[in-house]
Amino acid sequence: MIWKRLKRYASEQEEKHGPEETEDLHVTFRERLVMVLTAYVVIVLPCALVLIGLCLLISWLFGLL
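The structure displayed is predicted, hence computed values, not measured ones.

## Considering the overall build of the chain
Stage number 1. Counting its regular elements, the chain contains three helices and zero strands.
Stage number 2. Listing the helices and strands of the chain from first to last along the sequence gives α-α-α.
Stage number 3. The burial tally for the chain puts 3% of its 65 residues in the buried class.
Stage number 4. Summed over its atoms, the accessible surface of the chain is roughly 6600 Å², and 71% of this surface lies on carbon and sulfur atoms.

## What to know about a nonpolar patch on the surface
Stage number 1. Taken together, the side chains of Val 50, Leu 51, Ile 52, Leu 54, Leu 56, Leu 57, Ile 58, Trp 60, Leu 61, Phe 62, Leu 64 and Leu 65 present a nonpolar region at the surface, about 1400 Å² in accessible area.
Stage number 2. Structurally, Leu 57 can be placed in helix H3 (residues 29-61).

## Structural notes on H3
Stage number 1. An ideal rise of 1.5 Å per residue puts 48 Å on 33 residues; H3 measures up with 47 Å between its terminal C-alpha atoms.
Stage number 2. At Tyr 40, H3 shows its largest bend, some 30 degrees.
Stage number 3. A positive backbone phi angle near 75 degrees is found at Gly 63, which sits one or two residues after H3.

## As for the confidence of the model for the chain
Stage number 1. Per-chain confidence: the chain averages 86 in pLDDT, with 89% of residues scoring 70 or above.
Stage number 2. Ranking the elements of the chain by mean pLDDT puts helix H2 (residues 19-23) last, at 63, and H3 first, at 96.

## Description of the side chain of Ser 59
Stage number 1. By the element assignment, Ser 59 lies in helix H3.
Stage number 2. In terms of polar contacts, Ser 59 uses its side chain to reach the backbone carbonyl oxygen of Cys 55, at 2.9 Å.
Stage number 3. For Ser 59, the residues in contact, after removing those within four places along its chain, are Leu 64 and Leu 65.

## Brief notes about helix H1 (residues 2-16)
Stage number 1. Between its terminal C-alpha atoms H1 stretches 21 Å, which fits the 21 Å expected from 15 residues at 1.5 Å a residue.
Stage number 2. A small share of H1 lies buried, amounting to zero of its 15 residues.

Conventions used here
Residues numbered from 1 in each chain as written. Predicted model: local features only at pLDDT ≥ 70, side-chain atom pairs only at ≥ 80, totals over all residues. Heavy atoms only, no water. Helix = DSSP H or I, 4+ residues; strand = E, 2+ residues; numbered from the N terminus. Buried < 20%, exposed > 50% of the residue type's maximum accessible area, 1.4 Å probe, protein only. Areas by Shrake-Rupley, 256 points an atom, 1.4 Å probe, with all protein chains shown as cover. Patch = residues over 30% accessible without salt bridge, like charges linked within 9 Å, V, L, I, M, F, W, Y side chains within 5 Å. Salt bridge = Lys/Arg side-chain N within 4 Å of Asp/Glu carboxyl O. Expected span 1.5 Å × (residues − 1). Bend = angle between axes of the 7 residues up to and from the residue. pLDDT = per-residue confidence, 0-100. Polar contact = N/O pair within 3.5 Å; in protein donor to acceptor, adjacent residues only side chain to side chain. Contact = heavy atoms within 4.5 Å.

If you want it as structure tokens, here you go:
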């Protein structure tokens, strides 16, 4: 049910913003670098911290610490 609405909305947006508008977009190296670093901070760092925390918890439970 929601997928039909989402598909209809996406097609309306594509009609509204044609391919000529996307050709004008240019992403600089600096913007790309900021996007990659932000993704690293938001995704990879919390995942690594959670995995380290789980490893420490399991080590504590088994008496390795």
